[in-house]
Amino acid sequence: MVRLITHNLLACHAKGCTSNNFPLQFKDVQVELREAEFNPDFLRGFIPRLEWGALVDAARQLGDTSLPPEPPEMMDDEFLQKLHHVLLEVHIEEGVMICPNCNHAYPISNGIPNMLLAEHEIG
Amino acid sequence: MSRPELQAPPEIYYGDTEAKKYTNNSRIQQIQAEMTYRALELLSLPPDEPAFLLDIGCGSGLSGEILDEQGHVWVGVDVAPSMLEVALEREVEGDLFLQDIGQGFGFRPGSFDGAISVSVIQWLLNAETSHPTSSPPHRLTRFFTTLHAALRNPSRAVLQFYPTSDDQVQLITSIAQKAGFGGGVVVDYPNSNKARKVFLCLFVGGGGSAQQVPKGLEAEEEDGQARARFEASRQRQRKRDKNGKRKSVKDKDWILRKKELYRRRGKEDVPRDSKFTGRKRKAVF
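The structure presented is a predicted model; accordingly, all values stated were derived computationally and were not measured.

### As for the overall build of chain A
Counting its secondary structure elements, chain A contains 4 helices and 5 strands. By the compact-globule yardstick of 14 Å for 123 residues, chain A fits well, its C-alpha radius of gyration being 15 Å. Dimensions of chain A, computed from the C-alpha atoms along their principal axes, are close to 50 × 30 × 20 Å. Split into buried and exposed, the 123 residues of chain A put 49% on the buried side.

### Thoughts on the interface of chain B and chain A
Residue-level contacts link 35 residues of chain B with 28 residues of chain A. Note on chain B versus chain A: buried area summed over both sides is about 2,800 Å², and carbon and sulfur give 59% of it. Applying the counting rule to chain B against chain A returns 3 salt bridges. Linking Glu51(A) and Arg108(B) is a salt bridge whose minimum nitrogen-to-oxygen distance equals 3.2 Å. Put simply, chain B and chain A have 14 residue pairs in polar contact (both at pLDDT 80 or more) between them. Of all the secondary structure elements, the ones that give two or more residues to the side of chain B that touches chain A are strand S2 (73–78), helix H6 (81–89), strand S3 (95–98), strand S4 (112–118) and helix H7 (136–150) of chain B. For the side of chain B that touches chain A, the leading source of residues is S3(B), giving 4 residues.

### A word on the environment of Ala176(B)
All names here are of chain B. Position of Ala 176 among the secondary structure elements: in helix H8 (residues 166–178). Distance in space between the C-alpha atoms of Ala 176 and Thr 145 is 7.8 Å, their sequence separation being 31 residues. Contact partners of Ala 176, with chain neighbours within four places excluded, come to Phe 144, Phe 181 and Leu 202.

### Side note on the UniProt feature "domain: Methyltransferase type" (unreviewed entry) in chain B
UniProt annotation of "domain: Methyltransferase type" (unreviewed entry) refers to residues 54–126 of chain B when read in the numbering used here. Between the C-alpha atoms that bound residues 54–126 of chain B there is a distance of 23 Å. The span itself is 23% helix and 27% strand.

### Observations concerning the packing of H7(B) against H8(B)
All names here are of chain B. The geometry of H7 relative to H8 is characterised by a closest axis approach of 9 Å and an angle of 45 degrees between their N-to-C directions. Taken together, the axes of H7 and H8 are oblique relative to one another. Along this stretch, H7 crosses H8, giving a crossing that reads as right-handed. For the pair H7 and H8, contact is made by Pro 137, Leu 140, Thr 141 and Phe 144 and by Leu 171, Ile 172, Ile 175 and Ala 176, respectively. Here the residues of the contact of H7 with H8 are counted per class, giving 7 nonpolar, 1 polar and no charged.

### Some points on the sheet that holds S2(B)
Residue and element names in this part refer to chain B. Pairing within the open sheet is mixed, and its 7 strands lie in the order S3-S2-S1-S4-S5-S7-S6. Both outer strands of the open sheet, S3 and strand S6 (182–188), are each paired with one neighbouring strand and no more. For this sheet, the mean inter-axis angle between neighbouring strands, taken without regard to orientation, is 15 degrees. The strands touched by helix H4 (residues 26–43) are strand S1 (52–56), S4, strand S5 (151–161), S6 and strand S7 (197–204); relative to S4, the strand with the most contacts, the crossing angle is about 145 degrees.

### Observations regarding the pattern of salt bridges
Evaluation of the coordinates by the stated rule reveals 16 salt bridges over all chains. Between Asp41(A) and Arg44(A) there is a salt bridge, with the nearest N and O atoms lying 3.6 Å from each other. You can see Asp41(A) and its partner Arg44(A) sitting in helix H2 (residues 40–46), 3 residues apart, about one turn around the helix. Several salt bridges converge on common partners, so that one network encompasses Lys259(B), Glu260(B), Arg263(B) and Asp273(B).

### So, the nonpolar core
Among the nonpolar cores identified, the biggest contains 70 residues, and Leu83(A), Leu54(B), Ile56(B), Phe107(B), Phe143(B), Phe144(B) and Leu147(B) are the most heavily contacted of them. Ranked by residue count, the leading element in this core is helix H4 (residues 77–89) of chain A, at 6 residues. When near neighbours in sequence (up to four residues on either side) are disregarded, Phe143(B) contacts Ile56(B), Ile101(B), Phe105(B), Ile121(B), Leu124(B) and Leu159(B). Counting 23 residues, the second largest nonpolar core, distinct from the first, contains Leu43(B), Trp74(B), Leu84(B) and Val92(B).

The rules behind these values
Residues numbered from 1 in each chain as written. Chains lettered and ligands numbered in written order. Predicted model: local features only at pLDDT ≥ 70, side-chain atom pairs only at ≥ 80, totals over all residues. Heavy atoms only, no water. Helix = DSSP H or I, 4+ residues; strand = E, 2+ residues; numbered from the N terminus. Rg over C-alpha atoms; globule rule 2.2 N^0.38 Å. Buried < 20%, exposed > 50% of the residue type's maximum accessible area, 1.4 Å probe, protein only. Contact = heavy atoms within 4.5 Å. Buried area = accessible area lost by both parts, 1.4 Å probe. Salt bridge = Lys/Arg side-chain N within 4 Å of Asp/Glu carboxyl O. Polar contact = N/O pair within 3.5 Å; in protein donor to acceptor, adjacent residues only side chain to side chain. UniProt positions renumbered as here; feature names shortened; annotations may be inferred. Axes fitted to C-alpha atoms, helices over the stretch in contact; angles between N-to-C directions. Parallel < 35°, antiparallel > 145°, perpendicular 65-115°, else oblique. Left-handed = near helix turned anticlockwise from the far one by under 90°. Nonpolar A, V, L, I, M, F, W, Y, C, P; charged D, E, K, R; others polar. Pairing = 2+ DSSP bridges. Core = buried A, V, L, I, M, F, W, Y, C linked by side-chain atoms within 4.5 Å.

Pasting the structure below:
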């Protein structure tokens, strides 16, 4: 159940991989849509923490182009609905996340990403 | 039996059977729920605001369910695949990660409003291999530094754990402090063997004076004594009757109760009750 909300917070944590390690790139993904409860207060509080560019890119990679390239000034309900859909209702079930810097691949199976590192990759 | 963390690494100990057992055991569920509520209380999040929390060692999502109930959005990490599988079956709301917390987190700085963990970090105290990254201090350092980075300023992390000795508590708190955390250990019911619970209550930022380590809960003394008195009298009653003779444990009442139980369970050939039930036989000689 990788949703874009967590993908937006996730950077590579392998040894020595400290710059350009975000965002992880998706590859061969299977997406599932699942409805979630709409919570505008939570979204409003969360927007400052989002890396907007990365979120829009990730959404485009998954074929969702509903978000504007810049976060709008006015948080109207329509915009929050779209954001809610992208952040919380798009689940990535299968696929791989690849670090743009060290090319470490984190496989996702059954909706659970495997973040385990081999011994020599631990920082 | 010795502690689970001494028997095998968590991803092996919590295999398919143990994961199911853990999740379905109502006593574990209850304890887990109590500790989650207490941890949430210690987190002291602003009321009525949904927060974004990290559940460290989420297992099958027992505490995650409570976070859902309280309206929070959460992310869970665990190292045992079987536990996560059970969590998937139970359709918990949070995002799940298969991750070894001793290897550190990869979350961007300032991602979470808080972190909770129930009965987990004692697992970090055992070395599985002789590789330097497998030593407990290294794993703890990696865990606390990356956790500190992942939390917002100001925020809290509340980690309940079962230390075997004071040295372990010392080791954990000193490493947490080196990682930049403030705060300390909160012990609930320190004088009780069973109810005693150790919480590591860590603060990120807050300027020192603003965040004080909360007090642990104490058992109400009167309550404890009353229970003890009651226990003692009951024990006395059980052992001896009025004349000071020991009462037979398997007296008539006991036999009737057992027979009734067997009948209710549908056991066949339960003897009838009569006036002879539970009587002693006459001495033959």
